[in-house]
Amino acid sequence: MRSDLIKRGVERAPHRSLLKGTGNYRDGDLNKPFIAVVNSFVDIIPGHAHLDKVGYFIKEQVRAAGGVPFIFNTIGIDDGIAMGHLGMKFSLPSRELIADCVESMIEAHRFDAMICIPNCDKIVPGMMMAAARCNIPMIFVSGGPMEAGKTQDGRSVDLINAFYAVSQHAAGELDDKALADIENHACPTCGSCSGMFTANSMNCLAEALGIALPGNGTILATSEDRRQLYADAAKRIVELALADGPKPRDILTRAAFDNAMMLDMAMGGSTNTVLHILAIAREAGVEFTMKDIDALSLRTPNICRVAPSAGKDGRLYHVEDVQAAGGIMTILGELVRGKPGLLHEDAMTVTGKTLGENIREHDIRVRNQMVRRDGLSTAKRSELSVYTENAEAGGAAVLNDLDQNRFDPLDCIRTVEQAYSPEGGLSVLYGNLAEEGAVVKTAGVDPEMLRHSGPAVIFESQEQACAGILAGEVQAGDVVVIRYEGPKGGPGMQEMLAPTSYIKANPALAKTVALITDGRFSGGTAGACIGHVSPEAAAGGTIGLLRKGDMIDIDIPGRKLNVRLSDDELAERRTHWTAPQPRCKTGYLAKYTAMASSASTGAVLQWS
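This one's a predicted model, so the numbers in the text were calculated from it and none came from an experiment.

Draft legend 1. Here's a closer look at the packing of aromatic side chains. Evaluated as defined, the whole model comprises six aromatic pairs. Judged by centre distance (5.1 Å) and plane angle (55°), the rings of F34 and F70 are tilted. Linking F34 in strand 1 (residues 34–39) with F70 in strand 2 (residues 68–73), this pair joins segments that are 36 residues apart in sequence. Pair check on accessibility: F34 and F70 agree, each one buried. An aromatic cluster is built from Y25, F34, F70, F72 and F111, whose rings are joined through pairwise contacts. Against the face of Y430 rests K291, its NZ or CZ located 5.8 Å from the ring centre. Its end group placed over the ring of Y387, R381 keeps NZ or CZ at 4.9 Å from the ring centre.

Shown next as structure tokens:
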């Protein structure tokens, strides 16, 4: 075992002495595997506020299964709290810090295996990157998704409603009482925010990647059923440690990344998954590009739409609804039934079974069942969770819909024959405005905005854009351009949830205005919003050459993003362009600015 380097032999007596001082190691533990319980408890993030309880429970379960567990925690940044100010610049860069810190702990202490407990935003991919680097047996078990909230008049709400409410309040459409009602109920419990935003997208993708047990992405954080998932993961990591595999690079193959992105396309996940999957593939030594992702999108139907993307008649589903309809394995099951051969069913997973075997075992429709109630919250929530006084007494909102026959599982997770579209929920666009590509969440775009042309209204930062949109500088038909917000320019690719929310919440703009940026979007963004425009403005990309009024042509079905300027005109403008001075000249962001790569390669750090 790797841990023999720190525990076995006469010369390791000092090491054993230190280990015994922790209270976690005894003489009888010499032949047991050392298991890193890689937690991410921080109580300023609702998705992580309960992970102290979860971490200690998993530690007990690892010990009971025959391992020697040691907990350590990573940092965590809440994208919602960091949104709209300087703090958001640190969000994406924190992914690299998390990966570096986990790698440092694993390698310095020679752990035999690792069980990772992430939940939100950059913590999930950061841990995945570290797991691929260290290549020791691992398993992921997230803290689970948040329940959707209920306002006093019975409407289901989530964090994005709170962002929309800001614009609606400013426009006089909501009074103070209505705003407070949404504020108090949008985030009623712990867990990753209840829509298919970045955190839940990545936790769901973990199932398709094969590094998490079925149910990881959709069993609610407040459900008592999550306790069993934690226990099963703890037992399984000890088995993997004793068998010395399979290891991350045995699982994180090209087939696994294909499967993950096909799931993403099928459920219309966050555009941020593109950044993260590219970065994780790089760490795993797998060749995987934006062109590969777009090719998968062209083959994969979009059969599930979750908030912020709307379903039939504008209905918004949340992750708890996906769980009620069968969960991730049922989404994958519909792809297997509707498009045989699309998924790589022979891909290995941490269960010891192939992905295809997992699907057949856990897809409820294989057993002719349409609805499941396990994994949802009831009046008695799990003791391994936290929830507020504003949490609905009956638990998950979908339970009421189930009881009153108002829930259609075949609309929540559709068959391939009834797909929203024959192509996936994400698309990659190319053109003279995005030579290396740009990404759009097609599932969140209104049909009338799939093709759009309009004059550019240019903002040099997210903050400037927010002020401009609220001040009425954007008119129907415009294309909002927010630039110098890329990996280097931002730095850190701020999420554009605030400006996109202001547009989406304005009836005059919601279905007439597009937005493009070299920054990125929250998983909660919906609308004709195109991000990751590469090369970015700070690296000399065409987006930095645009001027007010330039006509921009967007053709999402045609995968095109162009500005109506000749090559000669662009070349002339380029002779007058100079690279701006870095916005951050000291601290971590200065280091990130110097080493950040293009969004088209995952915005990873490059030092040679």
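Draft legend 2. Broad picture of the pattern of salt bridges. By the definition in use, this model includes 38 salt bridges. With a closest N to O distance of 2.6 Å, D79 and K122 form a salt bridge. Placement of D79 in helix 4 (residues 79–82) and of K122 in the loop between strand 3 (113–117) and helix 6 (123–134) is noted, with a sequence separation of 43 residues between them. With a relative accessible area of 1%, K122 lands in the buried category. Of the charged contacts in the structure, one is a salt bridge between R133 and E283, with a shortest N-O distance of 3.1 Å. Highlighted residues: R133 in helix 6 and E283 in helix 13 (residues 272–284), separated in sequence by 150 residues. Accessibility expressed as a relative area gives 12% for E283, which makes it buried. Taken together, the shared-partner salt bridges connect D100, E103, R133 and E283 into one network.

Draft legend 3. Looking closely at the environment of D112. With respect to the helices, strands and loops of the structure, D112 is situated in the loop between helix 5 (91–109) and strand 3. We classify D112 as buried; its relative accessible area is 5%. Once the C-alpha coordinates of D112 and I237 are considered, the two residues, 125 residues apart in sequence, prove to be 9.9 Å apart. One polar contact links the side chain of D112 to the main-chain amide nitrogen of R2, over a distance of 2.9 Å.

Definitions and cut-offs
Residues numbered from 1 in each chain as written. Predicted model: local features only at pLDDT ≥ 70, side-chain atom pairs only at ≥ 80, totals over all residues. Heavy atoms only, no water. Phe/Tyr/Trp six-rings, centres within 6.5 Å; stacked < 30°, edge-to-face > 60°. Helix = DSSP H or I, 4+ residues; strand = E, 2+ residues; numbered from the N terminus. Buried < 20%, exposed > 50% of the residue type's maximum accessible area, 1.4 Å probe, protein only. Lys NZ or Arg CZ within 6 Å of the ring centre and 35° of its normal. Salt bridge = Lys/Arg side-chain N within 4 Å of Asp/Glu carboxyl O. Polar contact = N/O pair within 3.5 Å; in protein donor to acceptor, adjacent residues only side chain to side chain.

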